[in-house]
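Listed below are the residues making up each chain.
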Amino acid sequence: MSDEFRLSELDRLFQQAIELPASGRRDFLDRICGGRPALQAELRRLLEAHADAGAFLDCSLPSYLNAVRSGTHIGRWKLVEPIGEGGLGVVYRGSCEADGVTIHAAVKILRAGFHKGVFQERFIQERAILSGLDHPYIARLIDAGADSCGDSFLAVEFVNGRSLDRYCQETDVSLPERLNIFVKICEAVEYLHSNRIVHGDIKPANVMVKQDATPKLLDFGTARLIDAGNPESSARFSRLIMTPGYASPEQMAGLGPSVPGDVYSLGCVLGDMLADVTSGADLAAVRDRCLSHSKAGRYSSPREIAADVQRYLTHFPVRAYSGSGWYVTSKFIRRNRTGSVLATVATLSLLAASLLSWYGARRADLFASRHRSAISHLVGEPTSVQTPESNQRSALTGSIQDAISHLEEMKPQPLAELAGAWRRLSYIQAVRGQTQQGIESLQHSIEYARRNFASQDSPATRAALADSLLYAAFLNNRRGSAEKAGVHAVEAIRLIEALPAQDRIGVQQKPQFLYALFSAARRMAQSGNVQGGRDLLIQGLDKSRSLNKTLQLRLLLDLAVFERRAGNSDRAESYCKEAKSLDLAANRLRNVCKQSVEPTDAGKRESALLQEMTLLEKRLVLDPENFGDRRQLARLKLQLARHVAASGDNARAGRLVEEARLLAKALIEADPENHRLLNLRRNIERGLKQIRGQTHKSPNYD
Amino acid sequence: MTSGIHYPIMVSCLSEELHVVYGELRRIAAIHLRRSAPHPTLQPTALVHEAYLRLSGSRWKSRTHCLALASRAMRQFLIDYVRTKMAQKRGGPAVHVSLEESHVSGEAAHIDLDRILDIDRLLDRLAREDPRKASVVEMRFFGGLEFPEIAEQLKVSLITVKRDWQFCRAWLFNALRENEHA
């Protein structure tokens, strides 16, 4: 080390330099190290080393030493490479040739030295537990045994993907995608609990996520049977293996794994998954309810957590969050955007999973002898090979298509099942973005449902046909075929109107029904029947008054648009007013109001910014600590300041920047090393400078 | 054996506790290495955790305290292990022991046993100027601990640990490269 500078200085400058783009580093060094060639040379070498280091030290030394074992065999498994390290031993990617097919597995080895006492007990228990499990989101046991040296091993389904934490960090995963993954994890844990098993070490590192976003729960080293086994040893063991930051307070205090403990860990996982995305106070409430210190304060099961997250995804108020009327109504607006229907469809596709097992069982009866291979594919025999390309949805699509082809062969054809199967197939296709195929499937579904309805007019057959029609209307609308959508919607609504009241209400609460209402209204208006369309909407409005407020808002806004088109601007205005009186600051409202005042572009932008700020400020009243919202508010103030400055009002811009600066300052005090905040502060300072320095010319803000 | 530089995490309690952990670690590891020959494998977390299991109930301040201690012991143990290997290498048939991280795609990272001893020495040098950074490398590279565990142990933020690690990696890489050219 040179005498001229200290390591701390080197570190500080190094950290600053690597934040810069590679092209700007030379200038930075020239500027910073003027007259200090030794420091400059050392920094340059360090930066080069940083760029050249590649995978240097990425793996810990013992893992390097472990790599020595790669290439050897255990049982029938060839150990290809180490892929991780569990609490009990090293995990390798193993491969095995069987009848010309290569099977891959994650091979976990418990080395002979550990074979005594609690470790061996746990390893045997893990094997026993895994052998009884079969769930799409849990890695399956393929093989187990021991080699001549006495090393035991478990071969588990090889999951080609990334651990949950890396998956969230390294790929651009949206909030709904994250939540869908989380819901699946909850389902896996719920499945465990329903089999009287607790996991005991749920954390992001123990969940692998495949390319298609399917999670797989791994590592059952701490799992145990509820109310069974040796509680003292499992508590002791759990203390050893448990992960601080994910283990529940009672587990940290020395009690063993439990259902509330798993719920707590799921809360930690949810918290991690939300950490780097903007999410609202309601999701934080879900997390906090999982993390309640007392067991009684938590959700009683993973299923309950999943249900609340599903509520969020479909824009219903979550149960954990007792928000104000504003909260409930804002959910209401969100529910009625296009995306919400898709979210519901995603939920519905879960139904297809149960359909799958039903058909699996039934077909296993019917076709066992003739269609051995198809059935083994469908019910997923443990020997099936997991290929990286295969994914849950395409497998499900294939299975349903399979089921359909068998159902179609049956005499007489089971019309209701066929209509249902085609409809479920279309849900999955729609979720996968295959709208055209989805529509084609629905045409089959409608045909079968129609035949079924014709052969037997009952509420069930009628509702089934309406269901397919409603969804067809929705998908056609999505593709822009408003006319077809309208035809289907009108027919569906006619069918629904003839349903007995108790069946009707259920159907009318579906989001698809709402969309159908709009499609039908539009179609009627186009064919000259404006009055009929308006009546449909008003009828919906009346229903919504007794059902819930959010529906009402959406209908009010659409009615306003309708009336404006029909030239009744007074009525449009009054609907708008009524909507406004619901005090719902959301995009939809904003757009409609904007359309009605027809402002200039600059004014539009400003009012959009102001409205968004109002929305944020309201949210902050509910949740003053919300970090993401506070940061967003500071950003908006800065944006507005720039906008205002561009139109010449420097005094107001100055005030806004100052407000932004104060907000950011408070945030930085709480979290001094947050990159995003530091960036924000830089931007604010730059904005401040620009606004102060600006007199005549318009500033260039990029 | 590494020199007796005191690291901030365990200044007061180092020698005696470390001695206990190290002894235990060596006993456990010796069994493993003998049993699994001719392909000796080492699992840091497993070793560290088993040592912890055997020692738990005694007077450790916390789990992470024990883990940090154990990663210190692991460093000493591994350095001993590497020295033994080197001695065998010189005395016995000319086997080139190259440690290759085969599962990193692209350019594979090679580390020779000689270099591990170099890293150990460089770490002592680093510790004289910035003991925290040396601890980060010790826990990460020798102990196999995760960043959050290290952050918890050193009572600094996660980002600080990551930055320290980034700096140390470049610093060590540079120093090793200079050694090679010298």
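Description of the structure in this document.

**A closer look at the overall build of chain A**
Looking only at helices and strands, chain A has 30 helices and 11 strands in total. When burial is assessed residue by residue, chain A has 53% of its 702 residues classed as buried. Long-range pairs, those at least 24 residues apart, make up 60% of the contacts in chain A with a sequence separation of at least 6. Summed over all atoms, the accessible surface of chain A reaches about 31400 Å², with 50% contributed by carbon and sulfur.

**A word on the overall build of chain B**
Along chain B, the regular secondary structure elements total 7 helices and 2 strands. Going from N to C terminus, chain B has its helices and strands arranged as α-α-α-β-β-α-α-α-α. A total of 182 residues make up chain B; the buried ones form 58% of that total. Sequence separation of 24 or more characterises 68% of the internal contacts of chain B that already satisfy a separation of 6 or more. Surface summary for chain B: the accessible area is close to 7900 Å², and the carbon and sulfur share equals 53%.

**As for the pairing of strand 9 (residues 207–210) of chain A**
Residues and elements named next belong to chain A. Going residue by residue along strand 9, you find Val-207 and Val-209 tucked away on one face and Met-208 and Lys-210 tucked away on the opposite face as well. The pairing of strand 7 (residues 161–163) with strand 9 spans 3 bridges and is classified as antiparallel. Note on strand 9: the bridge partner recorded for Ser-163 is Met-208. Relative to strand 10 (residues 215–217), strand 9 runs antiparallel, the two being bridged by 3 bridges. Within strand 10, the position partnered with Met-208 by the bridge is Lys-216.

**Here's the deal with a positive patch on the surface**
On the surface, Arg681(A), Arg682(A), Arg686(A) and Lys689(A) cluster together into a positively charged patch. Take Arg682(A): it is sitting in helix 30 (residues 675–693).

**Describing helix 20 (residues 482–497) of chain A**
Relative to the 22 Å expected for 16 residues at 1.5 Å per residue, helix 20 of chain A spans 22 Å between its end C-alpha atoms, a close match to the ideal helical length. Along helix 20 of chain A, the residues that are buried comprise Ala485(A), Gly486(A), His488(A), Ala489(A), Val490(A), Ala492(A), Ile493(A), Leu495(A) and Ile496(A).

**A word on the sheet that holds strand 7 of chain A**
Residues and elements named next belong to chain A. Ordered in space as 7-9-10, the 3 strands form an open sheet in which the pairing is antiparallel. Edge strands, defined here as strands with exactly one partner in the open sheet, are strand 7 and strand 10. Going from strand to strand, the sheet's axes swing by 30 degrees on average, the running direction of each strand aside.

**Describing the side chain of Glu157(A)**
Residues and elements named next belong to chain A. Relative to the helices and strands, Glu-157 is located in strand 6 (residues 152–157). Of the residues examined, Glu-157 reaches a relative accessible area of 3% and is grouped as buried. Side-chain polar atoms of Glu-157 contact the side chain of Lys-216, separated by 3.0 Å.

**Things to note about the pattern of salt bridges**
All told, the structure shown has 20 salt bridges over all chains when counted by the stated rule. Notably, a salt bridge pairs Asp11(A) with Lys133(B), separated by 2.7 Å at the nearest N-O pair. Pair noted here: Asp11(A) is in helix 1 (residues 7–19) and Lys133(B) is in helix 5 (residues 131–142), and the two residues belong to different chains. Accessibility classification places Asp11(A) together with Lys133(B) in one group, the buried group. When the shortest N-O distance is used, the salt bridge between Glu659(A) and Lys637(A) registers 2.6 Å.

Criteria and thresholds
- Residues numbered from 1 in each chain as written.
- Chains lettered and ligands numbered in written order.
- Predicted model: local features only at pLDDT ≥ 70, side-chain atom pairs only at ≥ 80, totals over all residues.
- Heavy atoms only, no water.
- Helix = DSSP H or I, 4+ residues; strand = E, 2+ residues; numbered from the N terminus.
- Buried < 20%, exposed > 50% of the residue type's maximum accessible area, 1.4 Å probe, protein only.
- Contact = heavy atoms within 4.5 Å.
- Areas by Shrake-Rupley, 256 points an atom, 1.4 Å probe, with all protein chains shown as cover.
- Pairing = 2+ DSSP bridges.
- Patch = residues over 30% accessible without salt bridge, like charges linked within 9 Å, V, L, I, M, F, W, Y side chains within 5 Å.
- Salt bridge = Lys/Arg side-chain N within 4 Å of Asp/Glu carboxyl O.
- Lys, Arg positive; Asp, Glu negative; His and termini not counted.
- Charge placed at Lys NZ, Arg CZ, Asp CG, Glu CD.
- Expected span 1.5 Å × (residues − 1).
- Axes fitted to C-alpha atoms, helices over the stretch in contact; angles between N-to-C directions.
- Polar contact = N/O pair within 3.5 Å; in protein donor to acceptor, adjacent residues only side chain to side chain.

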